[in-house]
Structures are given as C-alpha cells and as structure tokens.
Amino acid sequence: MRIVLGVGGGIAAYKVASLLRLFTEAGHQVTVIPTEAATRFVGVATWEALSGNPVSNSVFDDVEKVNHVRLGHEANLIVVAPATADLLAKAATGQAGDLLTNTLLMAHGPVLFAPAMHTEMWQHAATRANVATLRERGVAVLEPASGRLTGADSGPGRLPDPEEIFEAAMALVTGAGRERPLAGRTVTISAGGTREALDPVRFLGNRSSGKQGAALAAAALAAGAEVRFLAAHMDVEPPAGVELVRVESALELREAALKAAVDSDVVIMAAAVADFRPAEVSDTKIKKVDGEDAPVVHLVRNPDILRELVEQRDAGGAQQLIVGFAAETGDEQGDVLEHAAAKLKRKGCDLLVVNHVGVGRVFGQDENSVVILSGRGAEPEQASGSKAEVAAAVIVRVASELPLVSPAP
Ligand code: CTP
C-alpha cells in the first residue's frame, strides 16, 4: 500500500528511520515528508535512500504532479512521527503552510500521529485540546511512552517504539482501530489509587500509578467511546479527550461513580480503592508528644463501590456492562485464579480483569499480564504486553460483549 510518513522536527526523528524500514520491508511504498525542522535532525538524503522515493516538503517542487493534493489522496495511510506539539497544533487547526500539512488536509485514509515532546509540552492545555480535537475527528493519536527524555528529565513524551507505531498503523488499516466499535457508547472508567485522610497532611494510600486506567481510557477513546474518567491519585496524566472528574477518597469516588454510571453503557473500575479508611480524621495535624505512646489508628470499612454499581444497575433494570479489576496473589487458601473466580462471584460484575501482583510487580510498571474472567461463563482469556496492549484487549472484549446490551438512553 501507499504510505505517507510525515516526520516532525524533534530529536526522535532519527528513530523514524527504523519505522520507515519496517514499512518498506513489509512491502509498502513510502513517501517521506519531513518538515523543514525535521531536516535539521535527519537529512533528506537519508529519507530518499531509505524510501527509494524523492523527498520534499515544498508545495513548489514538481508542481506538475500536484503533490499537495495527490499524495494525501493516494495514501492508504498517513503516519506522522515524531508528532511535535507544533504539528499537532497545525493539524488540529487545519493549517496548510507546507506539503505535509497540505497532505494531512487531503487525507482520504486513516491518519496516525505518534507524539514525542517534552512532558510539559505534552501536558500543556493547548496540546491536550489539540489532541482531543484530532481524536474527535477520528484521527488516531498514540499516547507517548514514558521514560528518559532528551535532557536529564524523564516523564511521558518519548516516541513510542517504532514496532509499536508500526503495529498501531497496521491495525488502523486492517480496520481494528477504524471500526470504532464503541462509537455512540458512554464508558465510565475509574483509575489511580484512593487516598484516605488521617489529618490535613497525611493519608493512607496505595501504589497504584493509574497507568492501566489511563491506557484503558485511551483505548476506549480510540474505539469511539465518550469516556468519563474518574481519576483518584495518578502518577500519569489522564488522556486528552476524556470528561475528567478528580476524586481523592473512596467515598468521593463512590459518589462520582454511582452518578456517572447512571447513563453509562460500560463501567470499568480500574481504580485501586482502599478497603478501609481511618475511623476519625483529625482536623489538625497529629503531633508526637514526648513520653506518650504512638497514636493508634482505627480503621472502618469503605463501601464496596463495584458491588454497589452492580446493585444500582440491577435495581434500575438498566442494561450495562460492569468490569472489575482484581489484584491478586496466591496463598495457601488457593491460587490467583481461584481467588479471582470467587471475587467475580462476590462482586457480581460481568468481567473481572485479574492481575497477579507481588511487590514490584504490576504497580507502576509499564508491562502487564492479565486474565479476563467472565461472569457469563466464557473461557478465561489471557492478555499481556504493554499496558496499552492489555487495555486494547480489554476494550475489544468489552466491545464484543456489548451487542448484548442496548445503548444507554
Ligand atoms: N473496589 C471497589 N470498592 C472497594 C474496593 C474495591 O469498587 N471498596 C473495586 C476495585 O476498583 C476493583 C475490584 O473492586 O475493580 C477489586 O478490588 P480488590 O481490592 O482487588 O478486591 P477487594 O474487594 O478489596 O477484595 P479483597 O480485599 O478481598 O481481595
């Protein structure tokens, strides 16, 4: 097929040479269009040699071929990597100052952006709004990877691996990403870890980073859903394009979840909810007093939000798919799956996504491995890989269960 590979002006441009290789080795015809700035990182000669095609970003080269119209028209796929903040802004506002932006406006096939930039730029309200606009228009925008950036800093903003971009691009073309199986559906997703206050400065918390929940939200958005994102404490930013509700404690999450669920087609409880909270919250900072014993913290049970969501649904007679997450360890009473099967029954949800945890496993990591258990008797399904891949598998499974459920009013 014909692919246009737009290259933005970022240091990650050099990694895109490997992406180009993956495309050409898979037998595709690739036209590379680097921005002016991109050619300061990787020269035109590299792109011409690797693609076997002439390279320009000017609408005034080969004018008789009407490249500014033809390339976008003919491309079966357009991939932009690295998608800089500048390119995302230009695409979102429909600018057409060079060949690449003209080509994006003429796109007839799927378009994929693979962003790379500094964390602050990625998290800036302007960039988030641009990403949200592009996603609303059906353009696929990958989440950047997290890790070491160009300078000494690190955070989300790294270009996803060329293999990952390649897979996402192929999925778009084969339809996996284009079907938008959740179009017209509302999906509520909770993520992150709740914090239970002890006093104005201290809390009981947990190790949840919110990465899996954020990846689920990005996958649900890519599948066309409206996403309500209930974010407890997270180490990562929620993806752009969600309807965001910030919560702190389990009680706040309960209130937000029961409200958001009322007219949702799907509810996914990926948050790590504290089962207990301090019975009393001190209005003032708890002090240590010489000669006195250390204070004793009494805990009380938090409500089980997942179970209440199932009860609310059943009481209202609504058709709704409810998905729970379980972080399990095996012990002498049973293995991980036995515990998980018992939990699925106890909670009454439709699907339970089971993580096997231990110290240092799963929490905060980028890789994940889960089993999806069904309350409807289907065989357990395994999914593993990056949190984005696991999220995609969960969303595909959710979408496949949904025809049984009519859209929420
Ligand atoms: N959950 C919830 N409300 C709680 C605790 C958990 O809604 N008070 C949800 C979580 O969001 C998750 C699922 O229930 O989707 C499983 O959470 P987990 O903590 O693993 O299970 P517990 O109910 O705490 O069971 P146990 O402590 O017995 O393992």
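Because the structure is a prediction, the values reported are computed rather than measured. (Residues numbered from 1 in each chain as written. Predicted model: local features only at pLDDT ≥ 70, side-chain atom pairs only at ≥ 80, totals over all residues. Heavy atoms only, no water.)

**A look at the domain arrangement of the protein chain**
Line of reasoning, step 1. Here the domain parsing of the protein chain yields domain 1 (2-174) and domain 2 (186-404).
Line of reasoning, step 2. Counting residues at the interface gives six residues for domain 1, matched by seven residues for domain 2.
Line of reasoning, step 3. Of the roughly 700 Å² buried where domain 1 meets domain 2, counting both sides, 56% is carbon and sulfur surface.
Line of reasoning, step 4. On the domain 1 side of the interface with domain 2, the three residues burying the most area are Arg128, Arg135 and Glu143, jointly 54% of the side's total.
Line of reasoning, step 5. Here domain 1 is connected to domain 2 by zero salt bridges. (Domains from an automatic or database assignment. Contact = heavy atoms within 4.5 Å. Buried area = accessible area lost by both parts, 1.4 Å probe. Salt bridge = Lys/Arg side-chain N within 4 Å of Asp/Glu carboxyl O.)

**Regarding the pattern of salt bridges**
Line of reasoning, step 1. Applying the stated rule across the entire model yields 19 salt bridges.
Line of reasoning, step 2. Note that Glu25 is salt-bridged to Arg21, the shortest N-O span being 3.5 Å. With Glu25 and Arg21 both in helix H1 (residues 16-25) and four residues apart, the pair spans about one turn of that helix.
Line of reasoning, step 3. A salt bridge links Asp350 to Arg313; its shortest N-O distance comes to 2.9 Å. Taken as a pair, Asp350 in the loop between helix H12 (336-347) and strand E17 (351-356) and Arg313 in helix H11 (residues 305-316) lie far apart in primary sequence, 37 residues in all. (Helix = DSSP H or I, 4+ residues; strand = E, 2+ residues; numbered from the N terminus.)

**Examining the sheet that holds E17**
Line of reasoning, step 1. The mixed open sheet is built from eight strands, whose spatial order is E12-E11-E8-E13-E16-E17-E18-E19. The sheet is open, and its two borders are formed by strand E12 (243-246) and strand E19 (381-386), each paired with just one other strand. Each neighbouring strand pair of the sheet contributes to a mean axis angle of 20 degrees, computed without reference to strand direction.
Line of reasoning, step 2. As judged from the six bridges shared by strand E18 (residues 367-374) and E19, these two strands associate in the antiparallel manner. Opposite Val370, over in E19, you have Ala383 as the bridge partner. (Pairing = 2+ DSSP bridges. Axes fitted to C-alpha atoms, helices over the stretch in contact; angles between N-to-C directions.)

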